[in-house]
Amino acid sequence: MLSTGNDIVSIAAINVTRTQDPVFYQKILSQTEILQYQQHYSLLIPFANYVWLLWSIKESAYKYLQRFDPELLFSPTKFVVNELVCPVSSLSNPFKRLIVEQIGFDDTTVHAARVTHGDNVLWSRSSFYPDMVHSVVNGIGNFDQVNWGIKTISSTDAESQSEAVRAFLLNKLQVIFNGKQMQIGKSEHGVPIILYRQKKIPLPISFSHHKHFVAYSFIAQ
Amino acid sequence: MIIMTREEILSELKKVISPYTTNKEMLAGINDDTDLIKDLKINSANLVDIIIDAEAKYDIEIDYDSADKMVNVGNCIDVISEKLAQK
């Protein structure tokens, strides 16, 4: 089953001072990742951004794997990001658009990486704006058929975020599936699933939200 | 060794969690089964904040394996209680 996991972090909402505290970042980054930053990325990415970039990749990978292993716990340091390739042209302006929806990624503007968890090997693409980072992970390394969307919303309470991201995805699915009215339910393990006429359809979806941002990802063949 | 009852830990834990949830009504009535993300709607990006604030509040160190278990209130109390007992 082709699947994805995605995560979004509002950079405007993070505490930069706390992020730079070793007590904090050592709970997110492995020693290998800290060393990689010092050796390869310190001139390319501010450290706080590196921490949250890797967080979003790891959280995406966790969401991907949890679909296959519902008992999996999120332990950030056990997800190891390596082979991080920074884009040739960074996204230098804040994400001001209301909605972005796309299939695949422009590899000249995204961070690409490989992420491992035990024997699992996954790949990621991350769009890093000055105010937000969004990552998508999959298990095949090819993102040509990955549908993803990011939307800015006005309310930041959990209920509004949840409603907004579901409506956002359903609108997209209606377009793809010729107006068919689909619904979003939850699996017995709490993973979001797509229902059509009360039956689950094999289209794994991933939701994320943080503050004013909501996002989805899925693979449509 | 520092002994705190589960009720005492819970009372302090509510103060640790409070800045990271807008669901104050749910927070007031939390119990062992309350899930930090699903029930209290805490964003996962704040889970590390909660662990670090708990370390500071109780003057304990929470290792990686223990932190992994802190998904619901009961697990949080178990971990804090265990670390306090080791002091």
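A brief report on the enclosed structure follows.

1. What to know about the side chain of His 117 of chain A
All names here are of chain A.
- For His 117, the position within the fold is in strand E4 (residues 111–117).
- For His 117, a relative accessible area of 15% corresponds to the buried category.
- Discounting chain neighbours no more than four positions away, the residues touching His 117 are Leu 65, Leu 72, Lys 78 and Phe 79.

2. Quick notes on the sheet that holds strand E8 (residues 183–186) of chain A
All names here are of chain A.
- Read from one edge to the other, the open sheet built from three strands follows the order E8-E9-E10, with strand pairing classed as antiparallel. Both outer strands of the open sheet, E8 and strand E10 (199–201), are each paired with one neighbouring strand and no more. For this sheet, the mean inter-axis angle between neighbouring strands, taken without regard to orientation, is 55°.
- Relative to E10, strand E9 (residues 192–196) runs antiparallel, the two sharing three bridges. By the bridge assignment, Tyr 196 is partnered in E10 with Lys 199.
- In this fold helix H5 (residues 158–176) packs onto E8 and E9, with an angle of close to 130° to the strand it touches most, E8.

3. Quick look at the packing of aromatic side chains
Residues and elements named next belong to chain A.
- According to the stated counting rule, one finds 17 aromatic pairs over all chains in the structure shown.
- Taking the centre distance of 4.7 Å and the plane angle of 75° together, the rings of Tyr 25 and Phe 47 count as edge-to-face. You can see Tyr 25 sitting in helix H2 (residues 22–25) and its partner Phe 47 sitting in helix H4 (residues 47–66), a full 22 residues away along the chain.
- Overall, Phe 47 belongs to the buried group, its relative accessible area being 15%.
- Judged by centre distance (5.9 Å) and plane angle (25°), the ring pair of Tyr 41 and Tyr 50 falls under stacked. Each member of the pair, Tyr 41 together with Tyr 50, is buried.
- Taken together, the ring pairs in this structure connect Phe 24, Trp 52, Trp 55, Tyr 62, Phe 74 and Phe 79 into an aromatic cluster.

4. Description of the interface of chain A and chain B
- Listed by partner, the interface residues are 18 residues for chain A and 17 residues for chain B.
- When chain A packs against chain B, the two sides together hide about 1500 Å² of surface, and 56% of this comes from carbon and sulfur.
- Sorting the residues of chain A by area buried against chain B places Arg 18, Lys 27 and Leu 73 of chain A first, and these three jointly supply 34% of that buried surface.
- Applying the counting rule to chain A against chain B returns five salt bridges.
- Its salt-bridge partner being Asp 68 of chain B, residue Lys 78 of chain A comes within 3.2 Å of it at the nearest N-O pair.
- The tally of links from chain A across to chain B stands at 10 residue pairs in polar contact (both at pLDDT 80 or more).

5. Overview of the pattern of salt bridges
All names here are of chain A.
- Taken as a whole and assessed by the stated rule, the structure comprises 15 salt bridges over all chains.
- Close ionic contact of Glu 83 with Arg 114 constitutes a salt bridge, the shortest N to O distance being 3.9 Å. Here Glu 83, found in strand E2 (residues 80–85), pairs with Arg 114, found in strand E4; they are 31 residues apart in sequence, far enough to count as distant.

6. Regarding H5 of chain A
Residues and elements named next belong to chain A.
- Here H5 contains 19 residues, and its C-alpha end-to-end distance of 27 Å stays within 8% of the 27 Å for a straight helix at 1.5 Å per residue.
- Those residues of H5 not exposed but buried are Ala 158, Gln 161, Ala 164, Val 165, Phe 168, Leu 169, Lys 172 and Leu 173. The arc that holds every buried residue of H5, seen down its axis, measures 165°, which confines them to one face. Away from the buried face of H5 by more than 90 degrees, exposed residues Glu 159 and Glu 163 are located.
- The elements touched by buried residues of H5 are strand E3 (99–103), strand E7 (146–152), E8, E9, strand E11 (205–210) and strand E12 (213–219).

Rules used throughout
- What you see as residue numbers is a count from 1 along each chain, following the sequence as written.
- Following the order in which they are written, the chains are lettered starting with A and the ligands numbered starting with 1.
- The model is predicted, so local features are restricted to residues of pLDDT at least 70 and side-chain atom pairs to those at 80 or more, both for listing and for counting; the totals for chains, interfaces and linings are taken over all residues.
- Just so you know, side-chain values use all the structure's heavy atoms and leave hydrogens and water out.
- The secondary structure listing takes helices from DSSP runs of H or I that are at least 4 residues long and strands from runs of E that are at least 2 residues long, numbered from the N terminus.
- Relative accessible area decides the class of each residue, using a 1.4 Å probe on protein chains only: under 20% of the type maximum gives buried, over 50% gives exposed, and in between gives partly exposed.
- Note on contacts: a residue pair qualifies if any of its non-hydrogen atoms lie within 4.5 Å across the two residues.
- Strand pairing requires that DSSP identify at least two bridges connecting the strands.
- As a rule, the C-alpha atoms of each element are fitted with a line to give its axis, helices using only the stretch in contact, and angles between N-to-C directions run from 0 to 180 degrees.
- Geometry of aromatic contacts follows a simple scheme: Phe, Tyr and Trp rings, the Trp one being its six-membered ring, pair when their centres are within 6.5 Å, and the pair is stacked under 30 degrees between planes, edge-to-face over 60, tilted otherwise.
- Buried area adds together the accessible area that both of two parts lose upon being put together, with accessible area traced by a 1.4 Å probe.
- Note on definitions: salt bridges are taken to be side-chain nitrogens of Lys or Arg within 4 Å of carboxyl oxygens of Asp or Glu.
- N or O atoms closer than or at 3.5 Å make up a polar contact, with two conditions inside protein: a donor-capable atom paired with an acceptor-capable one, and, for residues adjacent in sequence, both atoms drawn from side chains.
- A helix is expected to reach a length of 1.5 Å times the quantity of its residues less one.
- Directions drawn from the helix axis to the C-beta atoms are what define this arc.

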